Amino acid sequence: MIKEKTLYITDLDGTLLHHDERISTWSCKTLNQLIDAGMLFSYATARSIFTASTVTEGLFPKLPVIVNNGSFIMDVPTRKRIVVNQFTDSEAQDIYTTLCKYQIAPLVDAIINEQEKFSYEERAINPALAEFVAARKNDGRDNPLTDTSVILQGTVFYFTCIGEEEKLRAAYTVLRKTYNCIFQFDIYSHEPWLEIMPHTASKAHAILQLKEHYHCNKVVVFGDGANDIPMFHIADEGYAMKNAIDALKEIATAVIDSNENDGVAKWLLENAK
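Chemist: Looking at this model, I keep getting lost on the state of the cysteines. Mind explaining?
Modeler: By definition, a disulfide is the covalent link that joins the sulfur atoms of two cysteine residues. As enumerated under the stated definition, the model contains zero disulfides in all. Counting only cysteine sulfurs, Cys161 is the nearest neighbor of Cys100, a cysteine outside any disulfide, at a range of 9.9 Å.

Spelled out as structure tokens, the structure:
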């Protein structure tokens, strides 16, 4: 008889994190105890490793984590990139050209001289994107530019566009045919977001890679938003938070307690093997 080996993966914002963008002390303690007891647990998030590590401070997953919506699988202690999904130079140029056509000034994430940076034209960004950047002014990745000819420098792996819904929807309609695109409204600011990744980058694909690497025969996931839908499709069980969007609840194995009530940790404490 084959012993069941389960991989547990949770989203962060709106799922594991409270609305203050932090993991609760109780959830943190509970998850660490379960991890120490042998639970195979990690998270998959749209956040970078930098902000994900901050909001999950005190949590010590022993497995690599999935960040930037599956662009990277990373080791937390060393911040080593185990798996990297990136655009070719021609793909990055194609996306940037399309965004410019719709008068969208994006945030461009890239690895420049082995360092992660997000570049943007300082004079062109809209108020919504400016607010996002302002909250990260002490972040070493911040790379404001006055010369857009170098905005695609380095190895580009992600585009983020915020605000101006009509323009974002138009660009999304075009770009989704070729790339992995997510259009949704942010759970904190409620601003429209368009995120563009290589077609090989997704939470779902990264989870399957972890499943294979750790020889698991079952995957259980937790989420709340549109970018969690693909990972629900590849999971054996998917649990939507009480605060999740309806589209996710409709395909979920079950709906569990909300993020504010530590739904993920509660479920795992009662059910994880």
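Chemist: How should I be thinking about unusual backbone geometry in this particular structure?
Modeler: As a rule of thumb, non-glycine residues mostly have phi less than zero, and peptide bonds are mostly trans rather than cis. The phi angle at Asn69 is positive, at roughly 55 degrees, despite the residue not being glycine. Tracing the backbone through its elements, the reader meets Asn69 in the loop between strand S3 (65–67) and strand S4 (72–74). One non-glycine residue, Glu164, adopts positive backbone phi at about 55 degrees. Checked against the element boundaries, Glu164 lands in the loop between strand S9 (155–162) and helix H6 (165–175).

Chemist: Help me understand the nonpolar core in this model?
Modeler: Note on soluble globular proteins: their nonpolar side chains tend to be buried together. The biggest cluster of nonpolar side chains holds 35 residues, and the ones touching the most others in it are Leu31, Phe222 and Leu268. Setting aside residues no more than four positions away along its own chain, Leu31 makes contact with Leu16, Ile23, Met39, Phe41, Leu59, Ala265 and Leu268. Formed by 24 residues, the second largest nonpolar core is a distinct cluster that contains Ile104, Ala110, Tyr172 and Leu194.

Chemist: Would you explain the sheet that holds strand S1 (residues 6–10) in this entry?
Modeler: Sheets are built from strands paired through backbone hydrogen bonds, the pairs being either parallel or antiparallel. Taken in spatial order, the five strands of this open sheet run S2-S1-S12-S13-S14, and their pairing is parallel. Across the chains shown, the open sheet's two edge strands, defined by having one partner strand only, are strand S2 (40–43) and strand S14 (254–256). Here the average twist between neighbouring strands, direction ignored, is 25 degrees. Pairing of S1 with S2, which is carried by four bridges, proceeds in the parallel orientation. Looking across to S2, one finds that Ile9 is bridged to Ser42.

Chemist: Mind showing me how you'd approach the packing of helix H4 (residues 89–101) against H6 here?
Modeler: Pairs of packed helices are described in terms of their axes, by the angle between the two and the distance that separates them. Interhelical geometry of H4 versus H6 gives an angle of 145 degrees and a closest axis separation of 9 Å. As for the relative orientation of H4 and H6, their crossing is right-handed in sense. Contacts between H4 and H6 involve Ile95, Thr98 and Leu99 on the former and, on the latter, Ala171, Val174 and Leu175.

Chemist: Help me understand the side chain of His18, please; the structure alone is not making it clear to me.
Modeler: Note on placement: His18 falls in the loop between helix H1 (12–16) and helix H2 (25–36). Excluding anything up to four places from it in sequence, His18 contacts Ser24, Tyr188, Asn259, Glu260 and Asp262.

Chemist: When you look at the environment of Ile207 in this model, what are you seeing that I'm missing?
Modeler: Position of Ile207 among the secondary structure elements: in helix H7 (residues 203–213). Spatially, the C-alpha atom of Ile207 lies 20 Å from that of Thr51, the residues being 156 residues apart in sequence. Apart from residues no more than four positions distant in its own chain, Ile207 is found in contact with Leu7, Ile9, Ile66, Val219, Val221, Met231 and Ile234.

Chemist: Sorry, what's going on with the environment of Ile104 here?
Modeler: With respect to the helices and strands, the residue Ile104 is situated in the loop between H4 and strand S6 (107–112). Classification of Ile104 as buried rests on a relative accessible area of 7%.

Chemist: What should I look at first to understand the pattern of salt bridges in this one?
Modeler: Where charged atoms from two side chains of opposite charge approach closely, those side chains can pair. Evaluation of the coordinates by the stated rule reveals 13 salt bridges. Between Asp11 and Lys203 there is a salt bridge, with its nearest N and O atoms 3.0 Å apart. Here Asp11 is found in the loop between S1 and H1, whereas its partner Lys203 is found in helix H7, with 192 residues between them in sequence. Across the pair, Lys203 and Asp11 agree in class, each one buried. Here Lys62 and Asp36 are joined by a salt bridge, their closest N and O atoms 3.6 Å apart. A residue pair is termed long-range when its members are at least 10 positions apart, and Lys62 in the loop between helix H3 (49–55) and S3 and Asp36 in helix H2 qualify at 26 residues.

Chemist: Help me understand the packing of aromatic side chains, please; the structure alone is not making it clear to me.
Modeler: One pair of aromatic rings is described through two measures. These are the centre distance and the angle between the planes. Here the structure, examined in full by the defined rule, presents eleven aromatic pairs. A centroid spacing of 5.4 Å and a plane angle of 80 degrees characterise the contact between Phe132 and Trp193, whose relative ring orientation is edge-to-face. Here Trp193 lies in strand S11 (residues 192–197) and Phe132 lies in helix H5 (residues 127–134), a separation of 61 residues in the sequence. For the pair formed by Phe132 and Trp193, the shared burial category is buried. Here the aromatic residues Tyr8, Phe222, Tyr239 and Trp267 are joined through ring pairs into a cluster of three or more. For Arg81, the ring lying beneath its charged end belongs to Phe72, and the centroid distance is 5.7 Å. When the ring centre of Phe132 is taken as reference, the NZ or CZ atom of Arg136 above it lies at 3.7 Å.

The rules we used
Residues numbered from 1 in each chain as written. Predicted model: local features only at pLDDT ≥ 70, side-chain atom pairs only at ≥ 80, totals over all residues. Heavy atoms only, no water. Disulfide = S-S within 2.5 Å. Helix = DSSP H or I, 4+ residues; strand = E, 2+ residues; numbered from the N terminus. Core = buried A, V, L, I, M, F, W, Y, C linked by side-chain atoms within 4.5 Å. Buried < 20%, exposed > 50% of the residue type's maximum accessible area, 1.4 Å probe, protein only. Contact = heavy atoms within 4.5 Å. Pairing = 2+ DSSP bridges. Axes fitted to C-alpha atoms, helices over the stretch in contact; angles between N-to-C directions. Left-handed = near helix turned anticlockwise from the far one by under 90°. Salt bridge = Lys/Arg side-chain N within 4 Å of Asp/Glu carboxyl O. Phe/Tyr/Trp six-rings, centres within 6.5 Å; stacked < 30°, edge-to-face > 60°. Lys NZ or Arg CZ within 6 Å of the ring centre and 35° of its normal.

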